[in-house]
Amino acid sequence: MDLTLSPSEQQFREEVRGWIEANHPGPEPEAGLEEVMAFRREWQQKMHAAGWAGISWPKEYGGRGATMIEQAIFVGEASRLEAPSPANVLGLAMGGPVVIAHGTDAQKQRYLEPILTAEEIWCQGFSEPESGSDLASLKTRAVKDGDEWVVTGQKVWTTFAQYAKWCMLVARTDPDAPKHKGLTYFLMDMELEGVEAKPLVQITGEGEFNEVFIEEARIPDENVIGEVGGGWSVAITTLMNERAGLAFGAIAQVANGLKRLGALAAETRTNGGTAAEDPVIRQRLAQLYIEAETMRLNAYRGLTKTMQSGIPGPEGSLGKWQWADINQRMAELALDIEGAYAPLARGDEHAIAGGAWQYSFLRSRANSIEGGTTDILKNIIAERVLGLPKMR
Ligand SMILES: Cc1cc2nc3c(=O)[nH]c(=O)nc-3n(C[C@H](O)[C@H](O)[C@H](O)COP(=O)(O)OP(=O)(O)OC[C@H]3O[C@@H](n4cnc5c(N)ncnc54)[C@H](O)[C@@H]3O)c2cc1C
């Protein structure tokens, strides 16, 4: 595997860098999620106007037609320069690729452009109160009535559902079929009668995700993606894109975090000098650096596989697992370094660096759950990457 960028890729990176540096809107507002979403919408519109939204989408669908390496370069640079996230993160990373892979021409025509412009935000309605890891056991029912489907059920942990126009919804259409075969993938209009999103408050105090209640909502037949009964394979395309999209942004984010952590250790006084001189802290920092480097190399391995096969594969699960683990341990180490100051609340005037590590400590607890728990990712790696015997 050759990890050096070709001259044209280096030139692409320079172009990306130059554009982000010239257009970076500064840090996200601290006020509330509403303001943050408005800020991210504006940022995405700017990205789109300059041709940086949907970078690896084909040009005919409004993308840049760039290679997967170029897409990875963009994500890495945006993360390194701490550019804001686009507002329609789920639409860009999952919704668009799913419509491109499984949608009809009419669906591509209808849905792709407003994803790129952030006019229509997307959310992912997979998890239910009793179906998360075992997604195929989900109970939300869709029953055909003329040229519509009548849908009833409940989804949960649905990120940004309160802002979404479209929900990638998996529902059971054949209760008698084996559980993976009776599912169908719908695009549900969140403005339909019978659909209600209620934000849930997270440990950070924010309400990013929601419960979504669906009571006899009528989804037109033309909103089925793929085949009726073929929802499982469309759901898998969604999840593989979710994990694959993470890797290169995660590498840069971890690298930035490690720089800050090193600086925190160097400036924090302890009894015998600074935290950076403490042999145990040094060892924990060094271990994180080593693991960050293996994560980076594994991301290239995953990218190589994706480029060979054309679709993101199970290798993306490794990066997601490593990122969750490293991110949580970075925040834990930061709070250990801060010592007695660590429990001070976010925003407290005494909190170090505005309580950024406190926030990160709380938010990162979700990293090993969202997008597939670490246990499940380990099962995927064992069975589908290493070829070990199946659990059941
Ligand atoms: C911040 C955040 C955002 C989210 N956003 C969305 C979203 O937008 N859309 C959406 O659909 N979902 C979303 N989720 C839900 C997420 O996908 C699920 O929480 C996750 O898949 C786990 O499902 P569960 O919560 O039902 O836990 P369960 O599946 O009940 O798991 C409970 C525990 O058992 C373990 N476990 C379960 N099965 C196995 C097994 N076979 N082998 C070993 N261990 C196992 C799990 O690892 C976990 O520790 C989000 C979650 C979070 C935290």
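Residues numbered from 1 in each chain as written. Predicted model: local features only at pLDDT ≥ 70, side-chain atom pairs only at ≥ 80, totals over all residues.

**Notes on the overall build of the chain**
A tally of regular secondary structure across the chain gives 10 helices and 10 strands. Relative to a compact globule of 392 residues, whose C-alpha radius of gyration would be 21 Å, the chain shows 22 Å and is just as compact. Along the three orthogonal principal directions, the C-alpha set of the chain runs to about 75 × 50 × 45 Å. Each of the 392 residues in the chain was classed as buried or not, and the buried ones make up 40%. Relative to all contacts within the chain whose residues are 6 or more apart in sequence, the contacts with residues 24 or more apart total 70%. (Helix = DSSP H or I, 4+ residues; strand = E, 2+ residues; numbered from the N terminus. Rg over C-alpha atoms; globule rule 2.2 N^0.38 Å. Buried ≥ 20, exposed ≤ 12 C-beta atoms within 10 Å, placed from the backbone. Contact = placed C-beta atoms within 7 Å.)

**Points about the site of the ligand**
Near the ligand lie 19 residues; those nearest to it are Phe126, Gly132, Ser133, Thr373 and Asp375. Of all the secondary-structure elements, those providing two or more residues to the shell around the ligand are strand E1 (122-125) and helix H10 (374-385). A per-class count over the shell around the ligand returns 7 nonpolar, 10 polar and 2 charged. Composition of the shell around the ligand by domain shows at least three residues from each of domain 2 (122-229) and domain 3 (234-385). (Near = placed C-beta within 6 Å. Nonpolar A, V, L, I, M, F, W, Y, C, P; charged D, E, K, R; others polar. Domains from an automatic or database assignment.)

**Re helix H8 (residues 316-338)**
Taking 1.5 Å of rise per residue, 23 residues should cover 33 Å, and H8 covers 33 Å from first to last C-alpha, within 8% of that figure. With 17 of 23 residues buried, H8 lies mostly within the body of the structure. Once H8 finishes, Gly339 follows within two positions and takes phi at roughly 60°, a positive value. (Expected span 1.5 Å × (residues − 1).)

**Some details on the environment of Ile69**
Following the sequence through the fold, Ile69 ends up in helix H3 (residues 68-80). For the pair Ile69 and Pro220, spaced 151 residues apart in sequence, the C-alpha separation works out to 38 Å. Ignoring any residue separated from it by four or fewer positions in sequence, one finds Ile69 in contact with Glu9 and Leu303.

**A closer look at the nonpolar core**
Among soluble globular proteins, nonpolar side chains are generally buried collectively. Among the nonpolar cores identified, the biggest contains 92 residues, and Ala164, Cys167, Phe186 and Met188 are the most heavily contacted of them. Sort the elements by how many residues they give to this core and helix H6 (residues 231-267) lands first, with 11 residues. Cys167 has contacts with Cys123, Gly125, Ala161, Met188 and Met190, leaving out every residue within four places of it along the chain. (Core = buried A, V, L, I, M, F, W, Y, C linked by C-beta atoms within 7 Å.)

**Considerations on the domain arrangement of the chain**
One can read the domain layout of the chain as domain 1 (7-116), domain 2 (122-229) and domain 3 (234-385). Taking only C-alpha atoms into account, the centre of domain 2 sits 30 Å from that of domain 3. Taken together, the 11 residues of domain 2 in the interface contact 9 residues of domain 3. Taken together, the residues that form the side of domain 2 that touches domain 3 break down as 7 nonpolar, 4 polar and no charged.

**Structural notes on the packing of H3 against helix H7 (residues 279-309)**
Packed helices, taken two at a time, are described by the angle their axes make and the gap between the axes. Axis separation between H3 and H7 bottoms out at 10 Å; the angle between their running directions is 145°. Residues Met68, Ile69 and Ala72 of H3 lie in contact with H7, whose contacting residues are Leu303, Thr306 and Met307. Taken together, the residues that form the contact of H3 with H7 break down as 5 nonpolar, 1 polar and no charged. (Axes fitted to C-alpha atoms, helices over the stretch in contact; angles between N-to-C directions.)

**Details of the pairing of strand E7 (residues 210-220)**
Summarising the sheet, strand E3 (residues 148-156) and E7 pair through 8 bridges and their orientation is antiparallel. Paired with Glu148 across the bridge in E7 is Pro220. Sheet topology note: the strand E6 (residues 195-199)/E7 ladder contains 5 bridges and is antiparallel. Across the sheet, the residue bridging to Lys198 is Glu211, located in E7. (Pairing = 2+ DSSP bridges.)

**So, the packing of helix H4 (residues 89-102) against helix H5 (residues 105-116)**
Here H4 crosses H5 at 165°, and the two axes come no closer than 10 Å. Taken together, the axes of H4 and H5 lie roughly antiparallel to each other. Once H4 is placed against H5, the crossing between them reads as left-handed. In this structure, H4 uses Gly91, Leu92, Gly95, Gly96, Val99 and Ile100 to contact H5, whose residues at the interface are Gln107, Lys108, Tyr111, Leu112 and Ile115. (Parallel < 35°, antiparallel > 145°, perpendicular 65-115°, else oblique. Left-handed = near helix turned anticlockwise from the far one by under 90°.)

**Regarding the confidence of the model for the chain**
A low pLDDT means the predicted coordinates there should not be read in detail. Mean pLDDT over the chain works out to 92, with 95% of the residues at or above the 70 mark. Confidence drops under pLDDT 50 across residues 348-353; counting only partners more than four residues distant or on other chains, this segment forms 9 contacts. (pLDDT = per-residue confidence, 0-100.)

**Quick word on the environment of Lys139**
Assignment of secondary structure puts Lys139 in the loop between E1 and strand E2 (141-145). Overall, the presence of 14 C-beta atoms within 10 Å leaves Lys139 in the partly exposed class. Taking the C-alpha atoms as reference points, Lys139 and Gln154, 15 residues apart in sequence, are found 8.3 Å from one another.

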